[in-house]
Number of protein chains: 4
Amino acid sequence: MDNNAIWRIGILGVTGYAGRELLSLLGRHRHVHVGLAAARSEVGVPLRKLAPGAPAGAVCALDESLPLGECDVVVCCLPHGASLPWVERVLEAGRRVIDLSADLRVPGEDAPRWSREAVYGLPELHRERIRTAQVVANPGCYPTAALLALAPLLRAGMIDGPVIIDAASGTTGAGRAARPDLLFAEVSENFRAYAAGNVHRHLDEMRDQAHRLGNGATPELVFTPHLLPIRRGILATIHLSLKAPLEDPAAPWREAYAEEPLVRVMEGEMPSIADVAGGNGAAIGVVPVTGTSSPRLTLFSAIDNLGKGAAGQAVQNLNLMLGLPEAEGLL
Amino acid sequence: MDNNAIWRIGILGVTGYAGRELLSLLGRHRHVHVGLAAARSEVGVPLRKLAPGAPAGAVCALDESLPLGECDVVVCCLPHGASLPWVERVLEAGRRVIDLSADLRVPGEDAPRWSREAVYGLPELHRERIRTAQVVANPGCYPTAALLALAPLLRAGMIDGPVIIDAASGTTGAGRAARPDLLFAEVSENFRAYAAGNVHRHLDEMRDQAHRLGNGATPELVFTPHLLPIRRGILATIHLSLKAPLEDPAAPWREAYAEEPLVRVMEGEMPSIADVAGGNGAAIGVVPVTGTSSPRLTLFSAIDNLGKGAAGQAVQNLNLMLGLPEAEGLL
Amino acid sequence: MDNNAIWRIGILGVTGYAGRELLSLLGRHRHVHVGLAAARSEVGVPLRKLAPGAPAGAVCALDESLPLGECDVVVCCLPHGASLPWVERVLEAGRRVIDLSADLRVPGEDAPRWSREAVYGLPELHRERIRTAQVVANPGCYPTAALLALAPLLRAGMIDGPVIIDAASGTTGAGRAARPDLLFAEVSENFRAYAAGNVHRHLDEMRDQAHRLGNGATPELVFTPHLLPIRRGILATIHLSLKAPLEDPAAPWREAYAEEPLVRVMEGEMPSIADVAGGNGAAIGVVPVTGTSSPRLTLFSAIDNLGKGAAGQAVQNLNLMLGLPEAEGLL
Amino acid sequence: MDNNAIWRIGILGVTGYAGRELLSLLGRHRHVHVGLAAARSEVGVPLRKLAPGAPAGAVCALDESLPLGECDVVVCCLPHGASLPWVERVLEAGRRVIDLSADLRVPGEDAPRWSREAVYGLPELHRERIRTAQVVANPGCYPTAALLALAPLLRAGMIDGPVIIDAASGTTGAGRAARPDLLFAEVSENFRAYAAGNVHRHLDEMRDQAHRLGNGATPELVFTPHLLPIRRGILATIHLSLKAPLEDPAAPWREAYAEEPLVRVMEGEMPSIADVAGGNGAAIGVVPVTGTSSPRLTLFSAIDNLGKGAAGQAVQNLNLMLGLPEAEGLL
């Protein structure tokens, strides 16, 4: 790698919350240049109006004339369902792609071969494969929070019985579409669950990755997302029973994440969303539960849904793909 | 009962959030009159400055010269720890008392006899005993939410294994003391757990009542409170496994609460805090969980922590004690 | 008047924020009954789902078969522009109507005669004419706040030079339509002006009423509305110069509002939105300005935009029209 | 200047909101190193717990043994009143200082000579003098917002009559002290003015600078601050009358700020707090007022109170003092 190279990056879907956050992060990144920023709406709007720290230039129309081949890597921030044709176009142009939609995270058996070869872009779990991937499927925000907290126990096969995941997210996780239930007057001074009863789309993704981590012996998951009256941030509160008590309860996380630049382990503490909001890292808290017959832990995992949960993680993947320091532009 | 009587009520600790809410509720109540409103601070402040709908009059000093004997019932809204001497004074004056502190909810074996005779003031569970009680211990906000959701299953002995209670509360639940962690700049755009690992004071109260409801065969509880960036309201998200599947999952709640004026059962729905905020009722949602090996439910219980979780429930108890319609002034 | 009569009220447009608030207020009102509640959407939804305290019944479709003639008074909460045909239908059915839209507040010369006879429903200014009106045009929220503060000086002709009105409103003032700029993620942690430069629709209404109050000698107005990250409430901060200093600066307001049940004057104080939120009154603060060459005042006027600024004021007008105590159901 | 030099900076009062923000900005700055971070409380706390992006190290005790002489520049973020002795100690150690308190902004005639030589650190107005200053008095947040908007007109002597400044700030502007009126439950869903009637401490500072800009012919100011339910950000809405109409109303600002890296002029638009929050710039909007007898403008000025209003402006001053590019680390 030439450390002085400036890589040329394209962003598709730059006007959504994740696209804007990416623009802000890449605008301040020392080794990349946003060469292309396209969207289906707000065409012609100066990028500097979209996000603080954005580079010069304006939003281009998302159409087939886009010179995708001139970018080193394209990051696709389009909504779920709209992403696949664009990923395919980038590959056809011979370029690498990071896709933020859910479409490539759990490819079915009968999906095209290139999509089955997409690497799940959670660097703490799949770092080596990301470095050389043609297509990286950037994880969902809830799975990122849950999997970082659960991975050390899943790998060690230490969990007994079901894992209860209650997670709460700020509203930017739902995107910028004008939905009545996301109006200020509906969200403010309110709190509610949604998609309860194990019916949220992110469950498949969590189960698939938990299965890989556990070599097939994975616990049941019960996942309940909630909507918080905040703009950005996720806190997952995770309950589980251990097969055997741990003498040093936080040891698995300390060991797993000792060298990780973007994961902070808080022993016996409860990370808050404010600990991570506006940043690109995750904070994990491990709290033993008293007064139960079998050994139990409550885990907390906090991320910024637009940072480590979306655009920040995309930059982390981009750094890996380009051979740059992994946390470049993210601390 | 003389339906036209106007009962004279005293409020001790009227300047806290629960005291103010009570003032507002009683100021609009057709059958009572606030004859005495005392506090340790803000003495002399007109009651109308404390709460909308408050009656005329001003805050009196909380001292031993208070004419407690002139009230029919005294409601004590003093902080935990400060309440007992005042409850005792009311009893010595020959009057009945409702105490909002935690001090009388789980009396120890060696507590004074009168405190062991206090009735736990959750009307949906202990209505008949409340009618004739000398001392009513008004429940905590978290226990109110959790117990209303769990009571039908606890009574029927249908729960298998531990019950996970993740609950989130607005900041008025923490009182009006100027704590740095409750400043707007710390709470806004934030969310965090506290007292995780089964160490919250309200656990004893929940366990004690659950034990009574279950005739001794009660499940383990894992209780984790969280702080929401809202002023008022609690949502409890409760996870449990059933001994046997329920054909009609919401039937136990429909049956238990069919006649209850202040409990609303929402089948397959997730109540939000907005459904109950500013009111005095509870909303309970029952959602079956899919994709698990044993039958599981997720229950939701929403209350306003100052309404059904404090002052509203105190008025409900007061109505019972005075022979008035139970929901008078609460709908 | 028969004090025991229960009047039958119709609500058109019951699903918006003002309609819901009205439903809540009328559901608790001792002398009226909501006989008809119609809307263009959410037809069939139980009224109790729309608002706390709502009566039994469900939303009817807003169509020409509505039995408007069976209501004593109809309150029309339809959006600006959609209201007039419905007001006309109510009049044709021989009934009285209160209209919450802007359409009848400043009728043009060539408007139909019945619309030119609509009475501007600010009871503190036009009480006697409201009692007997066939059509009451319920004032806008900003004009209500501004006019209550300015009326005593306008009547006395004491204002010298332009009046600067900076007002800030919660988002329910903008209605329930799903606009991208009203999403939680756009409004939270934000504050902005809109319609600056004297182009807001409410200016005509303020100018017209100021003109009537001042007998033609009215000052210029500069009105700038702002959007607050709160659900409900308006604070108007009003700056003006006096023709002559006032010895007792708050005297004009004390005198004007001494007998008003819903207006509270705060001398030398600054009312906050919390002083009025959730209620139906207005709070006015009068603060002399120091260090200027001519005598100046800063006035503050706080109302709840859904209370005194919409539904609460409609109920106040309704009480006047029905000969009931003016503040019935509003304190 | 040696562009590769790393300057050593000290921060006194690092645990307040401005101190933390400064820590975050300097931790990411390429040409400086935080060599000293002291406070009266939270001694020993790792800096990384205080702010994202903070460097390694921990909070030192603020006592007389601090090696102030080892820093190239010391930034003093202590509260008003506590700052002066520390500024004096830095000067005695032969070092330069930026003081964020109000103490040095308007030095009296009888203040020590060194304090009368402090330069008012608003770079857009006093850039050249800041470069060589020994002591820079960092401006208040409200004066920064107001003066940037007013400077072009003040300099040109174009304002006729009084200037009305209604400004609204997030709560971090009031500091981290645990005041009851800054609790979440008091601030949320609320909005209120404070220090109305021209009694706010920042007025002297505004008047003094306006006087200098206007060569003595300065207009009267009427300043009314308000408290917003947001964490950070200020919007000033400013009303004034012009001596003569402007053909191109935004021309004075376009010309004054054409080369300014941190000031953005928005013609005919109303900047929002979201346009600047989390950043270090100011956005100024210029809106002509219609329908008034004399030509009037409404100006809007938005800054982040912790950015351009405090720590960001301190870094801008620091860059000037060290001969670095002025916006280094601020975009």
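Residues numbered from 1 in each chain as written. Chains lettered and ligands numbered in written order. Predicted model: local features only at pLDDT ≥ 70, side-chain atom pairs only at ≥ 80, totals over all residues. Heavy atoms only, no water.

Expressed as a screw operation, the relation of chain C to chain D combines 0.0 Å of axial shift with a rotation of 180 degrees, fitting to an RMSD of 0.0 Å. Viewed as a symmetry operation, the transformation between the two copies matches a two-fold axis. Closest approach to the rotation axis within chain C is made by the C-alpha atom of Pro-229 of chain C, at a distance of 3.4 Å. (Least-squares fit on C-alpha atoms with pLDDT ≥ 70 in both.)

The next thing to look at is the confidence of the model for chain A. A low pLDDT means the predicted coordinates there should not be read in detail. For chain A, per-residue confidence averages 95 on the pLDDT scale, and residues scoring 70 or more make up 99% of the total. On the interface metric, ipTM, the complex scores 0.96, and its pTM is 0.96. (pLDDT = per-residue confidence, 0-100.)

Residues and elements named next belong to chain B. The interhelical angle for the contact between helix 1 (residues 17–27) and helix 10 (residues 307–321), taken along N-to-C directions, is 50 degrees, at an axis separation of 8 Å. It follows from the interaxial angle that helix 1 and helix 10 lie oblique. With respect to the hand of their crossing, helix 1 and helix 10 are arranged in right-handed fashion. Residue-level contacts link Ala-18, Glu-21, Leu-22, Leu-25 and Leu-26 of helix 1 to Ala-310, Ala-311, Gly-312, Ala-314, Val-315 and Leu-318 of helix 10. Here the residues of the contact of helix 1 with helix 10 sort into nine nonpolar, one polar and one charged. (Axes fitted to C-alpha atoms, helices over the stretch in contact; angles between N-to-C directions. Helix = DSSP H or I, 4+ residues; strand = E, 2+ residues; numbered from the N terminus. Parallel < 35°, antiparallel > 145°, perpendicular 65-115°, else oblique. Left-handed = near helix turned anticlockwise from the far one by under 90°. Contact = heavy atoms within 4.5 Å. Nonpolar A, V, L, I, M, F, W, Y, C, P; charged D, E, K, R; others polar.)

Under the criterion given, the structure shown has 80 salt bridges over all chains. Here Arg-232 of chain C makes a salt bridge to Asp-304 of chain C, at a shortest N to O gap of 2.8 Å. Here Arg-232 of chain C, found in the loop between strand 10 (221–227) and strand 11 (234–242), pairs with Asp-304 of chain C, found in the loop between strand 14 (296–303) and helix 10 (307–322); they are 72 residues apart in sequence, far enough to count as distant. What makes Arg-232 of chain C buried here is its relative accessible area of 16%. Between Glu-267 of chain C and Arg-254 of chain C there is a salt bridge whose closest N-O contact spans 2.5 Å. Remark: Arg-254 of chain C occurs in helix 9 (residues 251–257) and Glu-267 of chain C occurs in strand 12 (residues 263–267); sequence separation between them is 13 residues. On the basis of relative accessibility, which here comes to 41%, the residue Glu-267 of chain C falls in the partly exposed class. Put simply, Arg-20, Glu-42 and Arg-176 of chain A together with Glu-186 of chain C are held in one network by salt bridges that share partners. (Salt bridge = Lys/Arg side-chain N within 4 Å of Asp/Glu carboxyl O. Buried < 20%, exposed > 50% of the residue type's maximum accessible area, 1.4 Å probe, protein only.)

Of the transformation superimposing chain A on chain C, the axial component is 0.1 Å and the angular component is 180 degrees, with the fit at an RMSD of 0.0 Å. Comparing interface residues between copies, 100% of those in chain A also lie at the interface in chain C; the contact surface is shared.

Contacts between the two partners involve 19 residues from chain A and, on the opposite side, 19 residues from chain C. Across the interface of chain A and chain C, roughly 1,500 Å² is buried in total on both sides, 65% from carbon and sulfur atoms. Arg-176 of chain A is the partner of Glu-186 of chain C in a salt bridge, and the nearest nitrogen-oxygen pair spans 3.9 Å. If you tally residues by element for the side of chain A that touches chain C, the top one is helix 7 (residues 184–187) of chain A, at four residues. Taken together, the residues of the side of chain A that touches chain C break down into 11 nonpolar, three polar and five charged. (Buried area = accessible area lost by both parts, 1.4 Å probe.)

This part covers the interface of chain C and chain D. Each partner contributes residues to the interface: chain C has 43 residues there, and chain D has 44 residues. At the boundary of chain C with chain D, total buried surface from both sides reaches about 3,200 Å², with 60% on carbon and sulfur atoms. Contact with chain D buries surface across chain C, with Glu-189, Phe-191 and Glu-220 of chain C losing the most and accounting together for 18% of the total. Where chain C touches chain D, the interface holds zero salt bridges. Linking chain C with chain D are 18 residue pairs in polar contact (both at pLDDT 80 or more). Among the elements of the structure, strand 8 (159–169), strand 9 (192–193), strand 10, strand 11, strand 13 (282–288) and strand 14 of chain C are those that each provide at least two residues to the side of chain C that touches chain D. Element by element, the count of residues in the side of chain C that touches chain D is highest for strand 8 of chain C, at four residues. (Polar contact = N/O pair within 3.5 Å; in protein donor to acceptor, adjacent residues only side chain to side chain.)

All names here are of chain C. Most of strand 10 sits inside the fold, with seven of its seven residues counted as buried. On strand 10, burial covers both faces: Leu-221, Phe-223, Pro-225 and Leu-227 on one face and Val-222, Thr-224 and His-226 on the other are all buried. Taken together, the seven bridges between strand 8 and strand 10 define a ladder with parallel strand orientation. Looking across to strand 10, one finds that Ala-168 is bridged to His-226. The sheet contact formed by strand 9 and strand 10 spans two bridges and is antiparallel. Within strand 10, the residue paired with Arg-192 across the bridge is Leu-227. (Pairing = 2+ DSSP bridges.)

A word on helix 1 (residues 17–27) of chain D. Helix 1 of chain D sits mainly inside the fold: 10 of its 11 residues count as buried. Buried within helix 1 of chain D are the following residues: Tyr-17, Ala-18, Gly-19, Arg-20, Glu-21, Leu-22, Leu-23, Ser-24, Leu-25 and Leu-26 of chain D.

On to the sheet that holds strand 7 (residues 135–137) of chain B. Sheets are built from strands paired through backbone hydrogen bonds, the pairs being either parallel or antiparallel. Residues and elements named next belong to chain B. Here we have seven strands laid out as an open sheet, ordered 3-2-1-4-5-7-6, and parallel in their pairing. Looking at the sheet topology across the chains shown, the edges are occupied by strand 3 (60–61) and strand 6 (119–120). Pairing of strand 1 (residues 7–12) with strand 4 (residues 73–76) involves four bridges; the strand directions are parallel. Within strand 4, the position partnered with Ile-9 by the bridge is Val-73.

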